[in-house]
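# Tertiary structure, described
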2 protein chains.
Amino acid sequence: MRFLFPLIFSSVSSGHNFSPCFTSRLLRALSSKPQPSTLTTFFNWQLPPMAAPEESLRKALAEKQLAVEAQGNVVRALKAAKASKPEIDAAIEALNSLKLEKSSIEKQLLASVSGNDGDGAFSREAFRQTAVNTLERRLFYIPSFKIYRGVAGLYDYGPPGCAVKSNVLAFWRQHFVLEENMLEVDCPCVTPEVVLKASGHVDKFTDLMVKDEKTGTCYRADHLLKDFCNEKLQKDLSISAEKAAELKHVLATLDDLSAEELGAKIKEYGITAPDTKNPLSNPYPFNLMFQTSIGPSGLNPGYMRPETAQGIFVNFKDLYYYNGNKLPFAAAQIGQAFRNEISPRQGLLRVREFTLAEIEHFVDPEDKSHPKYSEVVDLEFLMFPREEQMSGQSAKKIRLGDAVSKGIVNNETLGYFIGRVYLFLTRLGIDKDRLRFRQHLANEMAHYAADCWDAEIECSYGWIECVGIADRSAYDLRAHSEKSGVPLVAAEKFSEPREVEKLVIAPVKKELGLAFKGNQKNVVEALEAMNEKEALEMKAALESKGEVEFYVCTLGKNVPMKKNMVSISKEKKKEYQRVFTPSVIEPSFGIGRIIYCLFEHSFYTRPSKAGDEQLNVFRFPALVAPIKCTVFPLVQNQQYEDVAKVISKSLTVAGISHKIDITGTSIGKRYARTDELGVPFAITVDSTKDVTIRERDSKLQVRVGVEEAASVVKSVTDGQRTWEDVWANFPHHISGSADD
Amino acid sequence: MRFLFPLIFSSVSSGHNFSPCFTSRLLRALSSKPQPSTLTTFFNWQLPPMAAPEESLRKALAEKQLAVEAQGNVVRALKAAKASKPEIDAAIEALNSLKLEKSSIEKQLLASVSGNDGDGAFSREAFRQTAVNTLERRLFYIPSFKIYRGVAGLYDYGPPGCAVKSNVLAFWRQHFVLEENMLEVDCPCVTPEVVLKASGHVDKFTDLMVKDEKTGTCYRADHLLKDFCNEKLQKDLSISAEKAAELKHVLATLDDLSAEELGAKIKEYGITAPDTKNPLSNPYPFNLMFQTSIGPSGLNPGYMRPETAQGIFVNFKDLYYYNGNKLPFAAAQIGQAFRNEISPRQGLLRVREFTLAEIEHFVDPEDKSHPKYSEVVDLEFLMFPREEQMSGQSAKKIRLGDAVSKGIVNNETLGYFIGRVYLFLTRLGIDKDRLRFRQHLANEMAHYAADCWDAEIECSYGWIECVGIADRSAYDLRAHSEKSGVPLVAAEKFSEPREVEKLVIAPVKKELGLAFKGNQKNVVEALEAMNEKEALEMKAALESKGEVEFYVCTLGKNVPMKKNMVSISKEKKKEYQRVFTPSVIEPSFGIGRIIYCLFEHSFYTRPSKAGDEQLNVFRFPALVAPIKCTVFPLVQNQQYEDVAKVISKSLTVAGISHKIDITGTSIGKRYARTDELGVPFAITVDSTKDVTIRERDSKLQVRVGVEEAASVVKSVTDGQRTWEDVWANFPHHISGSADD
């Protein structure tokens, strides 16, 4: 699998695909501006107005700067000549007016280079800050080992985050493993070197690094170059249009640069270590795997796995047997993976340890149809094919069936998984208008891959790759077959044996020995190495002429070949089966990234009843909400507390995670607390007979009998009925004293 | 947490408890023989008959050996003297008879030293072999990286094993986290050194190792000594009773031996490297953590966590706040932990990477009551208190409430968790007669621990520690407070401020300076360091005599102390709260060990219908069964297949994991396959209206309508109804053609 970031934040090398050469990053960047959101959040960033073309702005700015300087000279000259006050004042007014115009152009330019208007960027930042503050304060996540000042790139999930994560994984198991009858496995994280040598990670899972030559501090080389270019573009408005274009080109081609090219750019721009301004070393590759040693000898190097997929590939033979030697079948694994990032950024999105959920669907390369394809064929969602990216268009809604039938998506099985991923993400609560499937450009894909699509989710950091869905052909199984010597193949048994014609080249060794003596072996090998076309041509020539010149490369010369020296024929043979290496289609889920995007898509603020503050809400669907229900006695009162405890017990029996809050805090504050954890329902006990159930987003309340309360909440959190249905079937409660 | 093995297999140092000194291992070994099992398995090992006391057997054997030798001399002498044939024959007959007697004693001795009769040991081995063969063949687990010849101590869970594991973990979450409202967290495996330095793992999480001095191959020192002693005891029957006692004493005290003592024993017994017979190095400690490096600099050492507990301790402050600054509360974590074993043995029981589920329950050390204690008080199960172990008795059934009230179990909260663990394990399917709670002996526990109990499960390897339940007092929080400088404390707010008397010692510096000049500082410190008793005695003495001799240890002499030099008084102060470090009670679950024992307890064989072979069955409860139901068409037939698919779809909607088998195999074979995976129910489609549902262990079948089939299976797998209830309410099916 591969995880990529949109251009403006970071670039990446990762996963199986070791040759990222993204020459067309510029095109992707052009189309990576936020998509309109149809969500009616109270607090969200605004869409940018259309900015004037950047190049003409730069030219206008340069001209205006010259005009300001010229007018400044005029003012100075007038003052030096002791001109009249009205004359000088008029000149100063003209100067100020020019400065204002210049400032306005600067503002437009700034907006243009940062991809939106200044306010938009601000509100995106502010949105993230509010969301992240809430997430950290309510312990959705916590920087790991905080009391020891933490470790960059390591995070804990606190209680509500951990519950969301376990709900997401449980749904993943239900949606993929159970519904598709996948074979789930669970392999260790500690992996011996030989496995990751075969997969290519030992040699190629690297990022380019530079070191501060005096302190030894390490930096990612591309980050430094990127930061330099971005800063220059955004803060130094005096640079020429040509220079700006050059910097943009560097940004766009950052991932394609070799160590030498990166080093040359760093030298050319005079980039130094950010903290010390010391000179930097040349870039060199740093392997991103955490290395360790297995056993006490120190002789068996091992690594913490960078992905879970390899554990499945090495078990292919057993899993194929377990599946009754039948294709297709899918294996799946959920587990930790590790990446020793050089300098992690961006909170939960780029971390050193993360949970992956990966599927390897093994299929006959000659038949990539899928029996359940028809179930997804009519789904319609944002797709961003290669074509649209290359021609500078944006993602558009496409019916999945059309994308497959037009060949935009390579095959049915790949299409099926794209559809299933779409359903998975949107059911979790990902906003479908901020979710797109982006096809890899030809130069982004590994040479062996047939087609790749990323599910990208838009959040305040831009479009984030959260799921990769790749048709990796037979690459992985072949690599492990070769390295281990164990054939990882499947066989199609023919219902009836098939007759096939096979070419047979039979050198007549006696004749060849007489003719070529010591060179006989080289000649025999050269004869046997002929392909079908060459052999048939020789056969024809020998039959017509009796002798031909034959080039033996290991001898470096032609030898005379006679009819009696070799017999070439086509023979019929019976074959009972076809043996082949299966193709693998791999949907790979970055669970932490999905969860972070889900946090952002679920977060909004709304004014408190008094209107004096903004209250935070997570609109999690019941499926992922960390707690499904809270139970409050309206006032502190033994009878109400007893009722609350009875309801709590029924909820426990029903398996509904909930929280009971018997503090004396006002009901409004308790609702606010519960909204901030994304709890969808609250039961308030205000009598011993009936209670109210409040829905989080609508704040609507119904009256339900005490005995029924738990089962009503269960039915609506389990998805057996909707809140609308509950609202239609129970008496409504009009609250006077509460928050709504 | 600590995981221990029974004496005869392995000893261990691990977890937080770094000072294991098990001087009484012999006592434990005496009581670690298999307990009677009430399970009516067809294939199980037999209980040993009472063996004659070993010492007298050794003496008898030595005497008999002498008698054999003497009679041999007699025979030789008769032959040399050319005595008559009848005379020689009679002597030979007597010799043979003595040899037979000797052989019989040898047999008894062998039985005695191996803890049971020879047949018992054999059937235990054979049972394990059959179970393990089935487990590996059906991919419950797989040696990891098998195609690369594997890595010792690393195992994959294949599809059914992975499903069992995820069911066990889901039930753990339901039984502990949800029912007890625990705060679940999820922390990374990669851990910086400072955290594990504070916890003590960097310095003390070690095993003693020796190296082959020529090849460098590493061995666990205690394993070599243990193997030597066991082999000597079991195979060299000529050793004296004294020697046998010595070897047994070594085995019993193996865990107490220092590196020097171990080295001396290895020298004394002339133990060499098992593979090469080369001499061995002296034993030295090897740290069992997998080490790595965080980030690219190589300057930040890190380790793969050896347990999950530390992630909870370092988050105590945030979790306490999250819980509204209230005690008690429990935090929980499920995750991978790592141990770089020197030379792993015993399959799934001793591995280098494993899943732990740990609970840290924080309580006020002055109040260890538990609000739900009454729910477990009447449970009665096998307990093995310290007292019984020391006096050589065996585990006995004790009512939990009695164990707590008699002070055998230290406190209510510890008792509560022991009861909850008992319920958890037995509901999973662990046989209650092969489960005991063994209290740690005083010298097994760390100095700070208040009390520790291990849930031990008996399997073919002996009694295996699967859950540790320890009252660790304030040790862990204090260690991290000290190292991090962040106070990890709780506060009890008083409802009303309390007036407390505090001792105030106020040295009068002016007078002291005049009297002691340069020594003033030492005198002041000594005065301030007095405890209450000393200070009050001085106050009384000064008041009555006006002057006393006062010993200043930093000066090494008495000084004269006068009334005007110090004021000592008791003052009343108001206190608003009590600040303290909470105690922690830690139940820690080795999930892989529990699962392995569950496999053994669930496994049995029964004869096939024809009686020609033994069929394997896992009697998993529906709760943990990897697949809840299989669906078969009775014969290959489109109509039946369609019905099977409809039922399959309903099962998927109901969230019931199942498998559909439309191969043409005989129904008997298909039942056998499904029994071998522990699938509790099978639906056989033999009409388009009704189907049969078969229960695995009883092999009973009922007739159920097609539309009802999925919901009947759901109700009985969810535990809403029992099979007996189903059997009582549906028509019975009497099968003619199937396996039963």
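Chain A carries the name glycine--tRNA ligase in an unreviewed UniProt entry, which gives Durio zibethinus as its organism. Here chain A is described in UniProt, under the heading Subunit (unreviewed entry), as follows: "Homodimer."

Quick look at the overall build of chain A now. Scanning chain A from terminus to terminus reveals 24 helices and 28 strands. When its C-alpha atoms are laid out on the principal axes, chain A stretches across 110 × 95 × 55 Å. Relative to its 740 residues, chain A shows a buried fraction of 56%. For chain A, long-range pairs separated by at least 24 residues make up 70% of all intrachain contacts whose partners lie at least 6 apart in sequence. Accessible surface, chain A as shown: approximately 31300 Å² in total, 53% of it carbon and sulfur. Side-chain charges of chain A comprise 94 positive and 97 negative groups, with the mean position of each set lying 2 Å from the other.

Residues and elements named next belong to chain B. Considering the arrangement of structural elements, one finds Ala625 in the loop between strand E23 (614-618) and strand E24 (629-633). Put simply, Ala625 and Lys165 are 460 residues apart on the chain and 9.7 Å apart in space, counted from C-alpha to C-alpha. Those residues in contact with Ala625 that sit more than four places away from it in its chain are Asn167, Phe620, Gly678 and Pro680.

The next subject is the packing of helix H5 (residues 159-178) of chain B against helix H15 (residues 412-428) of chain B. Residue and element names in this part refer to chain B. Running from amino to carboxyl end, H5 crosses H15 at an angle of 145°, the nearest separation of the two axes being 11 Å. The two elements H5 and H15 cross, and the hand of that crossing is right-handed. Facing H5, whose interface residues are Val168, Phe171, Trp172, His175 and Phe176, H15 presents Arg420, Val421, Leu423, Phe424, Arg427 and Leu428.

What follows deals with the relation of the copies chain B and chain A. Its rotation angle being 180°, the transformation that places chain B on chain A also includes 0.1 Å of axial translation and leaves an RMSD of 0.5 Å. On the angle and the small slide along the axis, the relation comes out as a two-fold axis. Relative to the rotation axis, the C-alpha of Thr292(B) is the closest in chain B, positioned 2.5 Å from it. Most of the interface of chain B is mirrored in chain A, where 99% of its interface residues are also at the interface.

Time to look at the sheet that holds strand E16 (residues 462-471) of chain A. Residues and elements named next belong to chain A. If you trace the nine strands from one edge of the open sheet to the other, you get E3-E10-E11-E21-E16-E15-E14-E12-E13, paired in mixed fashion. Among the strands making up the open sheet, the edge pair consists of strand E3 (183-184) and strand E13 (396-399). Sheet topology note: the strand E10 (residues 329-338)/strand E11 (residues 353-363) ladder contains 10 bridges and is antiparallel. By the bridge assignment for E11, Gln333 is matched with Glu358.

With that settled, the discussion passes to the pattern of salt bridges. This structure, assessed with the given rule, holds 101 salt bridges over all chains. Salt-bridge contacts for Glu179(B) lead to Arg420(B); the nearest nitrogen and oxygen are separated by 3.5 Å. Note that Glu179(B) is positioned in the loop between H5 and strand E3 (183-185) and Arg420(B) in helix H15, a separation of 241 residues in sequence. Residue Arg420(B) is classed as buried on the basis of its relative accessible area of 5%. The shortest N-O distance in the salt bridge between Arg472(B) and Asp476(B) comes to 2.8 Å. Note on accessibility: Arg472(B) and Asp476(B) belong to one class, buried. The structure contains a network of salt bridges with shared partners spanning Asp207(A), Arg220(A), Asp222(A), Arg339(A), Glu341(A) and Arg350(A).

As a further point, take unusual backbone geometry. Working note: non-glycine residues mostly have negative phi, and peptide bonds are mostly trans. Each neighbour pair has its own omega, and for Leu327(A) with Pro328(A) the value is -10°, a cis peptide bond. Here Pro328(A) lies in the loop between helix H12 (316-322) and E10. Even without being a glycine, Asn325(B) presents a positive backbone phi close to 50°. With respect to the secondary-structure elements, Asn325(B) resides in the loop between helix H12 (316-322) and strand E10 (329-338). The backbone of Lys517(B) shows a phi angle near 45°, a positive value even though the residue is not glycine. Tracing the backbone through its elements, the reader meets Lys517(B) in the loop between helix H17 (509-516) and helix H18 (520-528).

What follows covers the interface of chain B and chain A. At the junction of the two partners, chain B supplies 75 residues and chain A supplies 76 residues. The junction of chain B with chain A conceals about 6300 Å² of combined surface from both sides, 64% of it contributed by carbon and sulfur atoms. Taken together, the connections running from chain B to chain A amount to four salt bridges. In this assembly, chain B and chain A are joined by 20 residue pairs in polar contact (both at pLDDT 80 or more). A per-element tally of the side of chain B that touches chain A places H5(B) first, with eight residues.

Residue and element names in this part refer to chain A. Contact pair helix H21 (residues 638-653) / helix H23 (residues 706-717): the axes reach a minimum separation of 9 Å and the direction vectors enclose 35°. Note that H21 runs across H23; the crossing there is right-handed. The residues of H23 that touch H21, namely those facing Val643, Ile647, Ser650 and Leu651, are Val706, Ala709, Ala710 and Val713. For the contact of H21 with H23, the per-class residue count stands at seven nonpolar, one polar and no charged.

The subject of this paragraph is the UniProt feature "domain: Aminoacyl-transfer RNA synthetases class-II family profile" (unreviewed entry) in chain A. The sites that carry the UniProt feature "domain: Aminoacyl-transfer RNA synthetases class-II family profile" (unreviewed entry) are, in the present numbering, residues 130-607 of chain A. A distance of 14 Å separates the end C-alpha atoms of residues 130-607 of chain A, which is 35% helix and 30% strand.

All names here are of chain A. Tracing the chain through its elements places Ala163 in helix H5 (residues 159-178). The class of Ala163 is buried, set by a relative accessible area of 19%. On a C-alpha basis, the gap between Ala163 and Ala625 in space is 7.7 Å, while along the polypeptide they are 462 residues apart.

Relative to the elements of secondary structure, Lys267(A) occurs in helix H10 (residues 259-268). Placed 377 residues apart in sequence, Lys267(A) and Ala644(A) show a C-alpha to C-alpha distance of 69 Å.

Right, let's talk about the sheet that holds strand E9 (residues 301-304) of chain B for a bit. Residue and element names in this part refer to chain B. The strand order across the open sheet built from three strands is E4-E9-E8, with neighbouring strands paired in antiparallel fashion. The outermost strands of the open sheet, each flanked by one partner alone, are strand E4 (190-192) and strand E8 (291-293). For this sheet the average axis-to-axis angle between neighbouring strands, irrespective of direction, equals 40°. Sheet topology note: the E4/E9 ladder contains three bridges and is antiparallel. Its bridge partner lying in E9, Thr191 is registered against Tyr303.

Calculation criteria
- Residues numbered from 1 in each chain as written.
- Chains lettered and ligands numbered in written order.
- Predicted model: local features only at pLDDT ≥ 70, side-chain atom pairs only at ≥ 80, totals over all residues.
- Heavy atoms only, no water.
- UniProt positions renumbered as here; feature names shortened; annotations may be inferred.
- Helix = DSSP H or I, 4+ residues; strand = E, 2+ residues; numbered from the N terminus.
- Buried < 20%, exposed > 50% of the residue type's maximum accessible area, 1.4 Å probe, protein only.
- Contact = heavy atoms within 4.5 Å.
- Areas by Shrake-Rupley, 256 points an atom, 1.4 Å probe, with all protein chains shown as cover.
- Lys, Arg positive; Asp, Glu negative; His and termini not counted.
- Charge placed at Lys NZ, Arg CZ, Asp CG, Glu CD.
- Axes fitted to C-alpha atoms, helices over the stretch in contact; angles between N-to-C directions.
- Left-handed = near helix turned anticlockwise from the far one by under 90°.
- Least-squares fit on C-alpha atoms with pLDDT ≥ 70 in both.
- Pairing = 2+ DSSP bridges.
- Salt bridge = Lys/Arg side-chain N within 4 Å of Asp/Glu carboxyl O.
- Buried area = accessible area lost by both parts, 1.4 Å probe.
- Polar contact = N/O pair within 3.5 Å; in protein donor to acceptor, adjacent residues only side chain to side chain.
- Nonpolar A, V, L, I, M, F, W, Y, C, P; charged D, E, K, R; others polar.

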